[in-house]
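Read off the chains here:
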Amino acid sequence: MNWITNFVRPRIKSMLGVKETTPDNLWTKCPSCGEMLFQRDLEAAQYVCSHCDFHMKANARQRFQWLFDDAQFEELPFIPVAADPLKFRDEKRYPDRIKEARTKTGQQDAVIAAKGTIAGVPAMVVAQNFAFMGGSLGMAAGEAFIAGAERAVNDHVPLVLVVASGGARMQEGILSLMQMPRATVAVQMLRDARLPYVVVLTDPTTGGVVASYAMLGDIQIAEPGAVIGFSGRRVIENTIREKLPDSFQKAEYLLEHGMVDMVVHRHKLKETIARLISMLMKTPVSAAIAKAVAEPEGGALVPDGVEADAVPPPPESEPQAAQ
């Protein structure tokens, strides 16, 4: 131990009121391949691993920033609902879980709706955040989706849904399940108005949302490797007493079996959605859409203004077996 660097310097800094400015989250470990990724590179790559191309989870506002032009959008206000209609309690009281999720995510609930332009095409985007209680569908989430659909109809713009959910929220019981038919009616409103409804299925998309609005899109897009299905793999295997293929419920498996229309890399998502809604709305493909092609293709990225040699070395970690 070097007593000068480990005792004297930190103590002098604390006496002078000097605080360390190096953040603790400089590196993120890829959950798929185990590689250490520089956080700013990962953010620039839209949370896609540069080594194995694994698509990590993203929150609702990150989705808005990636899809909307210049990351500019108008977020619809939160619609208040009953805080704890069933007085539900398990290990924690339901209001405590909601409060914890709001503190963790900075969102009022799992679903947010926003309006902006995607490569010059006006659109509504509704996005679910899996970090908020597993992106579960409750009354507030249902209200947010319906508000987004109504705004799309009123403004005569297409609706894009980016879904990531574990299903209906058990703490709200039947009130949560009621959001499934309500959201389905909202989708029918879009169809009656002849407005496109494009769904982006991300990892994971399961449960009640799959049995309702998540599988009703005019175009069904999935991100690579996303798990999509109603019941969990283990539940199905225990029910049918058979071993399922390793690729079962993955986006590529669903594409082969006709359950989704396309599997699109996250870096190509904005361009793809822009072209789709332009065609479905019968509007000319503008020069702004061509600019949307200039998305990162993956790989090791260093953001503008950051020197390559300024990236600190990754922390040492034990070798990990390939998964």
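None of these values were measured; they are calculated from a predicted model.

A separate point is the overall build of the protein. Of the regular secondary structure elements, the protein holds 11 helices and 10 strands. Burial status across the protein gives 43% buried among its 323 residues. Within the protein, contacts between residues at least 6 apart in sequence are counted, and of these 68% link residues at least 24 apart. Accessible surface, the protein as shown: approximately 17,300 Å² in total, 55% of it carbon and sulfur.

What follows deals with the pairing of strand E5 (residues 121-128). Burial analysis of E5 places 7 of its 8 residues in the buried class, which makes it a mostly covered element. Strand direction decides the pairing type here: strand E4 (residues 111-118) and E5, joined by 8 bridges, are antiparallel. Looking at the pairing, Ile118 lines up with Val121 of E5. Taken together, E4 and the strand that follows it, E5, pair antiparallel across an intervening segment of 2 residues, in which Ala119 is found at a positive phi of about 50°. Pairing of E5 with strand E6 (residues 159-165), which is carried by 4 bridges, proceeds in the parallel orientation. Within E6, the residue paired with Ala127 across the bridge is Val162. Taken together, E5, helix H5 (residues 139-155) and E6 constitute a β-α-β crossover, and its handedness is right-handed.

When the charged atoms of two side chains with opposite charge come close together, those side chains can pair. Counted according to the given criterion, the structure contains 19 salt bridges. We note a salt bridge from Glu74 to Arg151, for which the minimum N-O separation is 3.0 Å. Separated by 77 residues along the polypeptide, Glu74 in strand E3 (residues 74-75) and Arg151 in helix H5 bring together distant segments of the chain. Glu223 is paired through a salt bridge with Arg266; the nearest N and O atoms lie 2.9 Å apart. Of the two residues, Glu223 is situated in the loop between strand E8 (219-222) and strand E9 (228-229) and Arg266 in the loop between strand E10 (262-263) and helix H10 (269-280); the sequence distance between them amounts to 43 residues. Residue Glu223 is classed as buried on the basis of its relative accessible area, which comes to 2%. Members of the salt-bridge network, linked through shared partners, are Glu74, Lys115, Arg151 and Asp155.

Now for the packing of aromatic side chains. Tallying each qualifying case throughout the model produces 8 aromatic pairs. An angle of 55° between the planes, with centres 5.4 Å apart, marks the rings of Trp27 and Phe38 as tilted. With a gap of 11 residues between them, Trp27 in strand E1 (residues 27-29) and Phe38 in strand E2 (residues 36-38) connect regions that are remote in the sequence. Comparing Trp27 with Phe38 shows no difference in burial state: the two are buried. With 6.3 Å between their ring centres and 40° between their planes, Tyr47 and Trp66 make a pair best called tilted. Taken as a pair, Tyr47 in the loop between helix H2 (39-44) and helix H3 (60-67) and Trp66 in helix H3 lie far apart in primary sequence, 19 residues in all. With respect to class, Tyr47 is no different from Trp66; both count as buried. Through successive ring pairs, a cluster of aromatic residues spans Phe64, Phe68 and Phe73. Its guanidinium or amino end placed over the ring of Phe130, Lys57 lies 5.4 Å from that ring's centre, counting from NZ or CZ.

On to the confidence of the model for the protein, then. Residues at a pLDDT of 70 or more form 80% of the protein, whose mean pLDDT is 87. Note on residues 292-310: pLDDT is under 50 here. Beyond four places in sequence and across chains, it has 27 contacts. Within the model, pLDDT remains below 50 along residues 318-323, and this stretch shows 4 contacts once partners closer than five positions in the same chain are excluded.

Both faces of E8 are covered, namely the face carrying Ile219 and Ile221 and the face carrying Gln220 and Ala222. Pairing analysis gives 4 bridges linking strand E7 (residues 197-206) to E8, with the strands arranged parallel. Along E8, the bridge assignment pairs Val199 with Gln220. Relative to E10, E8 is paired through 2 bridges, and the arrangement is parallel. Bridging across to E10, Ala222 finds its partner in Val263.

Moving on, we come to the packing of H5 against helix H7 (residues 179-192). Running from N to C, H5 and H7 cross one another at 10°; their axes reach a closest spacing of 9 Å. Taken as axis vectors, H5 and H7 run roughly parallel relative to one another. Across the interface between the two elements, Met139, Gly142, Glu143, Phe145, Ile146, Ala149, Glu150, Ala152 and Val153 of H5 pack against Gln179, Arg182, Ala183, Ala186, Val187, Met189 and Leu190 of H7. The residue inventory of the contact of H5 with H7, partitioned by class, reads 11 nonpolar, 2 polar and 3 charged.

Scoring rules and cut-offs
Residues numbered from 1 in each chain as written. Predicted model: local features only at pLDDT ≥ 70, side-chain atom pairs only at ≥ 80, totals over all residues. Heavy atoms only, no water. Helix = DSSP H or I, 4+ residues; strand = E, 2+ residues; numbered from the N terminus. Buried < 20%, exposed > 50% of the residue type's maximum accessible area, 1.4 Å probe, protein only. Contact = heavy atoms within 4.5 Å. Areas by Shrake-Rupley, 256 points an atom, 1.4 Å probe, with all protein chains shown as cover. Pairing = 2+ DSSP bridges. Right-handed = clockwise from strand over helix to strand, strands pointing away. Salt bridge = Lys/Arg side-chain N within 4 Å of Asp/Glu carboxyl O. Phe/Tyr/Trp six-rings, centres within 6.5 Å; stacked < 30°, edge-to-face > 60°. Lys NZ or Arg CZ within 6 Å of the ring centre and 35° of its normal. pLDDT = per-residue confidence, 0-100. Axes fitted to C-alpha atoms, helices over the stretch in contact; angles between N-to-C directions. Parallel < 35°, antiparallel > 145°, perpendicular 65-115°, else oblique. Nonpolar A, V, L, I, M, F, W, Y, C, P; charged D, E, K, R; others polar.

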